[in-house]
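Structure assessment
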Amino acid sequence: MNEKVDLTLTVNGQRHAIRVEPRKTLVDAIRDDCGQTGTHAGCEHGVCGACTILLDGEPVRSCLMFAIQCEGRDIRTVEGLANGNELHPLQQSFIDHHALQCGFCTPGFLMLAAGVLRKRPDIGDEELIDLLSSNLCRCTGYANIIKAVKAVRDGLAQA
Amino acid sequence: MKPAPFKYHRPTTLDEALAILAEVAEEDGRILAGGQTLVPMMALRLAYPPHLVDINAIPELARTRVEDGRLAIGALVRHADLQAPLGCPPLDGLLAEVASHIAHYPIRTRGTFCGSLANADPASEWCLVAATLGAEFVIRSADGTRSVGVEDYFQGVMATAIGPGEMLVEARLPLLPADSLWGFYEFSRRAGDFALGMALATLRLEGGVVGEARIGVGGAEEHPRRIAEAEAALVGRAPDEAAFRAAAAKAAAVIDPLEDHATDGTYRRELVETVVRRALSAAMAHRQARPRTEIEARS
Ligand SMILES: Cc1cc2nc3c(=O)[nH]c(=O)nc-3n(C[C@H](O)[C@H](O)[C@H](O)COP(=O)(O)OP(=O)(O)OC[C@H]3O[C@@H](n4cnc5c(N)ncnc54)[C@H](O)[C@@H]3O)c2cc1C
Ligand code: FES
Ligand code: FES
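Residues numbered from 1 in each chain as written. Chains lettered and ligands numbered in written order. Predicted model: local features only at pLDDT ≥ 70, side-chain atom pairs only at ≥ 80, totals over all residues. Heavy atoms only, no water.

Thoughts on the domain arrangement of chain A
As a measure of interface size, the accessible area lost when the parts come together is often cited. All names here are of chain A. Split by domain assignment, chain A resolves into domain 1 (5–79) and domain 2 (89–158). For domain 1 versus domain 2, the separation of C-alpha centres amounts to 22 Å. Counting residues at the interface gives 18 residues for domain 1 and 15 residues for domain 2. Between domain 1 and domain 2 lies a buried interface of about 1,300 Å² when both sides are counted; carbon and sulfur atoms form 62% of it. Sorting the residues of domain 1 by area buried against domain 2 places His40, Thr52 and Val78 first, and these three jointly supply 34% of that buried surface. For the interface between domain 1 and domain 2, the tally reads one salt bridge. For the pair domain 1 and domain 2, the number of links is six residue pairs in polar contact (both at pLDDT 80 or more). (Domains from an automatic or database assignment. Contact = heavy atoms within 4.5 Å. Buried area = accessible area lost by both parts, 1.4 Å probe. Salt bridge = Lys/Arg side-chain N within 4 Å of Asp/Glu carboxyl O. Polar contact = N/O pair within 3.5 Å; in protein donor to acceptor, adjacent residues only side chain to side chain.)

So, in structure tokens, the structure goes:
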């Protein structure tokens, strides 16, 4: 049962050939085996959202999936947001609105917001707040996170 | 916080899955559906199944279909799939509204309708829907298929008619008649938390009075169920505040409330009174109910 299996994960378009036990969660495989430590593991049981990534474009909790379930899927993490030296609009907006302090929760919030704004650039305020209540932040008090995401949404609406 | 080791199976057909289940059931081999309950339990070491039978690679289980006056929901249909229109109003509107109260969006993209029914948490919204509307549960094993009615399905806190080696392959919900009014109300401490109390009501009016009523309560007892006494208090009366209060008071009086360190029986009864009354008012208020969110309307 502890036997390791070979699999290939595609993280931000890059293929990683790894060898893991079936019980290895996706978040642990992304961090330990693919070396992409931007995705954070907080509660490791689905409550905090720090580990949120995009799986085939949908936000999911990567602590609640096993890596072995994700071969051949398109995995997107915070490392894939920026375009070279140019930050993603959400990343810049988080800086501009002081939407992070310690930064532990930030990758999860960014991936959650990035996934949803791509599908729903016109999401309403009430729904947006409900959506962001999915993830926990122990520093900011949420108001600035909401402001930062709203600002990007409003920018998209103008564009 | 790391799950214990297990052997992983990834069947690609239902028959293959049932054959593996038959082999591993005795050792507590489990189905892995959305994993949004099972994986946290494994991380907390409250569950350590030696085998996981992952059903996510069986596309035939991911379908909904309307047939013989019922909406059939396969074992891999996710909570978020039910937030999009399914072409069977008003039932699909009811499902979309209820789905928006289950956990949070990133959990709804994975967790399944049938997984919720199999898990049978007392506060599961889908169990409330199944109990109130009268679902039929299609259960299969390597030995064959059986169909279980709602009266026999729920057997206690997280206990159902599903036996070892069996899979809930599909749940069938009766469609709602076009003139049905429905209302749902849930109370939880924070958005996305499990409900402390919730109610679902469907009504049909005939000549200005309530002709048919279904009132289901969840989160308050061992499993969600219809409250016949509350329904009887409503039928034949005009659908007004006084009638709703009478029905809600009946529901509060007859339940056998769950109690925990934070919530005693008195609190749960009062909560049931409130959620039933508000579900009934919601049924009258949003006759043309629209889903609260369309994030998940898949492109
Ligand atoms: C933070 C958080 C908040 C949540 N809030 C809510 C909430 O408010 N309301 C709510 O209802 N749920 C909530 N959930 C739970 C969520 O809805 C789960 O998706 C659901 O309870 C189980 O579905 P699943 O597909 O994830 O099942 P899994 O976790 O894969 O399985 C759960 C159990 O059911 C068995 N099983 C699964 N599918 C079948 C089947 N087809 N036949 C037989 N057995 C099966 C499994 O073997 C396992 O024992 C929450 C979860 C989290 C992490
Ligand atoms: S680490 Fe995954 S939700 Fe907390
Ligand atoms: S910035 Fe510290 S947890 Fe959110």
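Let's talk about the interface of chain B and chain A
Counting residues at the interface gives 35 residues for chain B, matched by 33 residues for chain A. Buried area between chain B and chain A, summed over both chains or domains, comes out near 2,900 Å², and the portion from carbon and sulfur atoms is 61%. Connecting chain B to chain A are two salt bridges. Between Asp28 of chain A and Lys2 of chain B there is a salt bridge, with the nearest N and O atoms lying 2.7 Å from each other. No other element matches helix 2 (residues 38–43) of chain B, which puts four residues into the side of chain B that touches chain A. (Helix = DSSP H or I, 4+ residues; strand = E, 2+ residues; numbered from the N terminus.)

Re the site of ligand 1
Taken together, 29 residues are adjacent to ligand 1, and Ile31, Thr37, Leu38, Thr112 and Glu125 of chain B come closest. One chain alone does not account for the residues near ligand 1; they come from chains A and B. At 2.7 Å, a side-chain N or O of Thr37 of chain B approaches an oxygen atom of ligand 1. Note that an oxygen atom of ligand 1 is positioned 2.6 Å from one of the side-chain N or O atoms of Thr112 of chain B. Protein contacts shield 92% of the accessible area of ligand 1, which totals 980 Å² for the unbound molecule. Tallied by class, residues from the shell around ligand 1 come to 13 nonpolar, 13 polar and three charged. (Near = heavy atom within 4 Å. Areas by Shrake-Rupley, 256 points an atom, 1.4 Å probe, with all protein chains shown as cover. Nonpolar A, V, L, I, M, F, W, Y, C, P; charged D, E, K, R; others polar.)

Concerning helix 6 (residues 125–133) of chain B
All names here are of chain B. Burial analysis of helix 6 places nine of its nine residues in the buried class, which makes it a mostly covered element. Residues of helix 6 that are buried include every one of Glu125, Trp126, Cys127, Leu128, Val129, Ala130, Ala131, Thr132 and Leu133, and no others. The opening residue of helix 6, the one whose side-chain oxygen lies 3.3 Å from the backbone nitrogen of Trp126, is Ser124. At the C-terminal side of helix 6, Gly134 shows a positive phi close to 85 degrees. (Buried < 20%, exposed > 50% of the residue type's maximum accessible area, 1.4 Å probe, protein only.)

Here's the deal with the sheet that holds strand 3 (residues 51–54) of chain B
Hydrogen bonds between backbone groups are what pair the strands of a sheet, and the pairing can be parallel or antiparallel. All names here are of chain B. Here three strands make up an open sheet; going across it, the order is 1-3-2 and the pairing parallel. Only two strands of the sheet have a single partner each, and these edge strands are strand 1 (7–9) and strand 2 (30–32). For this sheet the average axis-to-axis angle between neighbouring strands, irrespective of direction, equals 30 degrees. Sheet topology places strand 2 next to strand 3; three bridges connect them, and they run parallel. By the bridge assignment, Arg30 is partnered in strand 3 with Leu52. (Pairing = 2+ DSSP bridges. Axes fitted to C-alpha atoms, helices over the stretch in contact; angles between N-to-C directions.)

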